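# Inside the fold
Here are the chains, one letter per residue:
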Amino acid sequence: GFLALLLSGGAVAAAAYLGADFTYIHSHFLQLAVASFLVSALLSVYLYARSLHAAPGELALGGSSGNLVYDFFKGRELNPRLKNFDLKFFCEMRPGLIGWVLINFSMALAEMERQQLDAPSASMLLVNLFQLLYVLDGLWNEEAILTTMDLMHDGFGFMLAFGDLVWVPTYSLQAFYLVDHPSPLSPAAISAIVALKG
């Protein structure tokens, strides 16, 4: 996961250097959220359909309750794979967390453009840095996710697909808010926030 984040960061840096407009993410935030929802819904339909042909040993505990709505929501298959590619493990950490960092970066650029700044505000920098630390920690220690309830017991259905692909990227709402609502911080406030975080 950490290597995927570094590669993604390199690709974003190259695209920015070539003139890609990442403020598009801010100006189309709702449309992108709806698209993510549709992707998670379609993925959930695919996961449910394929689980109907899964061997009993591949189902999660409680993955076959007989209630279509419950099974669709919770997921029937424990670890659906495409050959050796584990869909649940991938979605659990990669697209949402790396997408969160990309969205925050785009919000910093949008803030600079909207507020006519030469650099992101201190508030925006703190939001970006603290949330990046969270993502870095998660991706650096990615193997720890293997011990969580999500991976060990829950099936992969709408609940996790929506959570991974739609809900996690919405953690960028703090950065989204700061684009149009500047929150200046004094050096003392910055020091206190950093000390509190430490």
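Here is what the cut-offs are and how they apply
Residues numbered from 1 in each chain as written. Predicted model: local features only at pLDDT ≥ 70, side-chain atom pairs only at ≥ 80, totals over all residues. Heavy atoms only, no water. Helix = DSSP H or I, 4+ residues; strand = E, 2+ residues; numbered from the N terminus. Buried < 20%, exposed > 50% of the residue type's maximum accessible area, 1.4 Å probe, protein only. Contact = heavy atoms within 4.5 Å. Salt bridge = Lys/Arg side-chain N within 4 Å of Asp/Glu carboxyl O. UniProt positions renumbered as here; feature names shortened; annotations may be inferred. Patch = residues over 30% accessible without salt bridge, like charges linked within 9 Å, V, L, I, M, F, W, Y side chains within 5 Å. Areas by Shrake-Rupley, 256 points an atom, 1.4 Å probe, with all protein chains shown as cover. Axes fitted to C-alpha atoms, helices over the stretch in contact; angles between N-to-C directions. Parallel < 35°, antiparallel > 145°, perpendicular 65-115°, else oblique. Nonpolar A, V, L, I, M, F, W, Y, C, P; charged D, E, K, R; others polar.

## Topic: the overall build of the chain
Looking only at helices and strands, one finds 10 helices and two strands in the chain. Its helices and strands in sequence order give the chain the pattern α-α-α-α-β-β-α-α-α-α-α-α, from N to C terminus. Judged by the C-alpha coordinates and their principal axes, the chain covers about 60 × 35 × 30 Å. Taking all 198 residues of the chain together, the buried fraction comes to 36%. When contacts within the chain are restricted to residue pairs at least 6 apart in sequence, those whose partners lie at least 24 apart make up 78%.

## Quick word on the pattern of salt bridges
Pairs may arise between side chains of opposite charge once their charged atoms sit close together. Counted under the stated rule, the structure contains five salt bridges. The closest approach of N and O atoms between Glu 77 and Arg 50, which form a salt bridge, is 3.0 Å. With Glu 77 in the loop between helix H4 (68-74) and strand E1 (81-82) and Arg 50 in helix H3 (residues 29-51), the pair connects residues that are 27 residues apart, well separated along the chain. Given a relative accessible area of 5%, Glu 77 falls into the buried group. The salt bridge involving Asp 154 is made with Lys 74; its shortest N-O contact spans 3.6 Å. Residue Asp 154 is located in the loop between helix H7 (149-152) and helix H8 (158-167), and its partner Lys 74 is located in helix H4; the two are separated by 80 residues in the primary sequence. For Asp 154, a relative accessible area of 10% corresponds to the buried category.

## So, the side chain of Arg 76
Its place among the elements puts Arg 76 in the loop between H4 and E1. In this structure, Arg 76 is in contact with Tyr 48, Ser 51, Leu 52, Glu 58, Leu 59, Ala 60, Gly 63, Ser 64 and Asp 71, ignoring residues within four places of it in sequence.

## What to know about the UniProt feature "transmembrane region" (unreviewed entry) in the chain
Listed under "transmembrane region" (unreviewed entry) in the UniProt record, and renumbered for this structure, are residues 30-49 and 156-179. Strand forms 0% of residues 30-49 and helix 100%; the C-alpha atoms that close the span are 29 Å apart. The straight-line gap between the two end C-alpha atoms of residues 156-179 is 35 Å; of that span, 71% is helix and 0% is strand.

## Structural notes on a nonpolar patch on the surface
Taken together, Leu 30, Val 34, Phe 37 and Leu 38 make up a surface patch of nonpolar side chains, about 380 Å² in accessible area. In this fold, Leu 30 is placed in helix H3.

## Quick word on the packing of helix H5 (residues 87-114) against helix H9 (residues 173-180)
Following both chains from N to C, one finds H5 and H9 inclined at 5°, their axes separated by 8 Å at the closest point. Here H5 lies roughly parallel to H9, going by the angle between them. The segment H5 lies against H9, with Asn 104, Met 107, Ala 110, Glu 111 and Arg 114 engaging Ala 175, Phe 176, Leu 178, Val 179 and Asp 180. Tallied by class, residues from the contact of H5 with H9 come to six nonpolar, one polar and three charged.

## So, the environment of Gly 63
When you line up the elements, Gly 63 lands in the loop between H3 and H4. Judged by relative accessible area, Gly 63 falls into the buried class, the value being 2%. Once residues within four sequence positions are removed from consideration, Gly 63 is found in contact with Asp 71, Gly 75 and Arg 76.

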